Amino acid sequence: MPATKHDRLASADGGDLDLARPKGGVEPSILTAAKGGGILFPSRLVSFGLTFVSGIVLARLLTAEELGLLGSDYFARFPGFEPDSLVANINLDQTATFFPTREVIVLGHDHSSLASASSEAARRTGLSVTPDPELDQNYFVRSDQYSFVRQGVPSVYIYPGYQSTDRGVDGAQVMADWMEQIYHSPADDATQPIDYQATAQFTAFAYQLGKFVADADTRPCWNPGNEFGERFGTESTRCAKTP
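Residues numbered from 1 in each chain as written. Predicted model: local features only at pLDDT ≥ 70, side-chain atom pairs only at ≥ 80, totals over all residues. Heavy atoms only, no water.

## A closer look at the overall build of the protein
Here is step 1 of the chain: Within the protein, the regular secondary structure consists of seven helices and nine strands.
Here is step 2 of the chain: Burial statistics for the protein: of 243 residues in total, 47% are counted as buried.
Here is step 3 of the chain: At a minimum sequence separation of 6, the contacts of the protein that also span at least 24 residues come to 72%.
Here is step 4 of the chain: About 12400 Å² of surface is accessible on the protein, with carbon and sulfur atoms providing 52% of the total. (Helix = DSSP H or I, 4+ residues; strand = E, 2+ residues; numbered from the N terminus. Buried < 20%, exposed > 50% of the residue type's maximum accessible area, 1.4 Å probe, protein only. Contact = heavy atoms within 4.5 Å. Areas by Shrake-Rupley, 256 points an atom, 1.4 Å probe, with all protein chains shown as cover.)

So this is what it looks like as structure tokens:
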């Protein structure tokens, strides 16, 4: 029987709601809802307030991703408000960076109109969007964003790129070694050699991406003919086909 964990739902105006759900494990993911929609932000930015966003801002910490996306699946299906007001999901996971990089990986970039927002956010923060370097792992359907995809919500999963700007560092190998030796171990703590400048740049990208989605006049939509949009989307979440 999984232990009961307390999910925390907080609003930008300082109010919060403590929700107890039967889940196991603790795997954080952040949700904010703005302009009647749902997007993801780094929690520290949310906690300091997003005053430029019109509407309600919520921070959502979800649990039990690796037990089957349990926390995100529950919230995506039963958010506590009209589900159709969730317009986008931007999932942040494994965002610490151990070397300088000018790339950001955006899984799901090619599935929806979030591609244009991702590209513009990257341009404004001095980064470039790179394709999924591990297509064989099918990460897009294995992390929390997929719970929202299954509810028809255009979604992306973002994390720092593997190409280091330091020619003496093989970023892909650094991350492979980290996954094998550090990931899911007590050694995954704040004493690691985190490149805080690169991490800050990635955080700025995530902030800009969320801002673009929140400030847009129209909601994101699945690209015409996209497999996820066709299977899970609705008329309001699919981009109109051009003549």
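## Topic: the sheet that holds strand 9 (residues 155-160)
Here is step 1 of the chain: Judged by pairing direction, the sheet is mixed, and its four strands sit side by side in the order 6-9-7-8 without closing on themselves. In the strand order of this sheet, the two ends are held by strand 6 (89-92) and strand 8 (128-130), each with one partner. Looking at each pair of strands side by side, their axes are set apart by 35 degrees on average, direction ignored.
Here is step 2 of the chain: Packed onto the sheet, helix 3 (residues 114-124) meets strand 7 (103-107), strand 8 and strand 9 and runs at close to 130 degrees relative to strand 8.
Here is step 3 of the chain: Helix 6 (residues 196-215) rests against strand 6, strand 7 and strand 9 of the sheet, and its axis sits at about 160 degrees to strand 9. (Pairing = 2+ DSSP bridges. Axes fitted to C-alpha atoms, helices over the stretch in contact; angles between N-to-C directions.)

## Notes on the state of the cysteines
Here is step 1 of the chain: For the structure on display, the rule yields one disulfide.
Here is step 2 of the chain: Each disulfide pairs two cysteine sulfurs, and for Cys221 the partner residue is Cys239, the sulfurs being separated by 1.9 Å. Between Cys221 and Cys239, the S-S torsion sits near 90 degrees, and that sign places the bridge as right-handed. With Cys221 in the loop between helix 6 and helix 7 (227-232) and Cys239 in the segment after helix 7, this pair connects stretches of sequence that are 18 residues apart. (Disulfide = S-S within 2.5 Å.)

## Considering the side chain of Thr125
Here is step 1 of the chain: Among the secondary structure elements, Thr125 is positioned in the loop between helix 3 and strand 8.
Here is step 2 of the chain: A relative accessible area of 15% places Thr125 in the buried class.
Here is step 3 of the chain: Apart from residues lying up to four places away in sequence, Thr125 is in contact with Gln201, Ala204, Phe205 and Gln208.

## Quick word on the environment of Ala117
Here is step 1 of the chain: With respect to the secondary-structure elements, Ala117 resides in helix 3.
Here is step 2 of the chain: Look at Ala117 and you get buried, because its relative accessible area is 14%.
Here is step 3 of the chain: Separated by 103 residues in the primary sequence, Ala117 and Pro220 have C-alpha atoms spaced 9.3 Å apart.
Here is step 4 of the chain: Ala117 has contacts with Leu209 and Phe212, leaving out every residue within four places of it along the chain.

## Concerning the pairing of strand 9
Here is step 1 of the chain: Summarising burial for strand 9: six of the six residues are buried, a large majority.
Here is step 2 of the chain: In terms of strand pairing, strand 6 meets strand 9 through four bridges, oriented parallel. Paired with Asn89 across the two strands is Ser155, which belongs to strand 9.

## So, empty space enclosed by the protein
Here is step 1 of the chain: On inspection of all chains with the given rule, the structure shows one cavity of 30 Å³ or more.
Here is step 2 of the chain: Of the volumes computed, that of the largest cavity is approximately 40 Å³.
Here is step 3 of the chain: For the largest cavity, the full set of lining residues is Thr101, Glu103, Leu127, Pro160, Ala198, Gln201 and Phe202.
Here is step 4 of the chain: The greatest single-element share of the lining of the largest cavity, amounting to three residues, is contributed by helix 6.
Here is step 5 of the chain: A per-class count over the lining of the largest cavity returns four nonpolar, two polar and one charged. (1 Å grid on protein atoms, 1.4 Å probe; cavity = no way out; pocket = protein on both sides within 12 Å on 5 of 7 lines; lining within 4 Å. Points joined across faces, edges and corners; volume = space filled by probe spheres on them. Nonpolar A, V, L, I, M, F, W, Y, C, P; charged D, E, K, R; others polar.)

## Things to note about the nonpolar core
Here is step 1 of the chain: Ranked by internal contacts, the top residues of the largest apolar core, which has 19 residues, are Val104, Val156, Ile158, Phe205 and Leu209.
Here is step 2 of the chain: A per-element tally of this core places helix 6 first, with six residues.
Here is step 3 of the chain: When near neighbours in sequence (up to four residues on either side) are disregarded, Phe205 contacts Val104, Val106, Ser118, Ala121, Ala122, Thr125, Leu127 and Ile158.
Here is step 4 of the chain: In this structure, Leu69, Tyr157, Trp222 and Phe228 belong to the second largest nonpolar core, which totals 11 residues. (Core = buried A, V, L, I, M, F, W, Y, C linked by side-chain atoms within 4.5 Å.)

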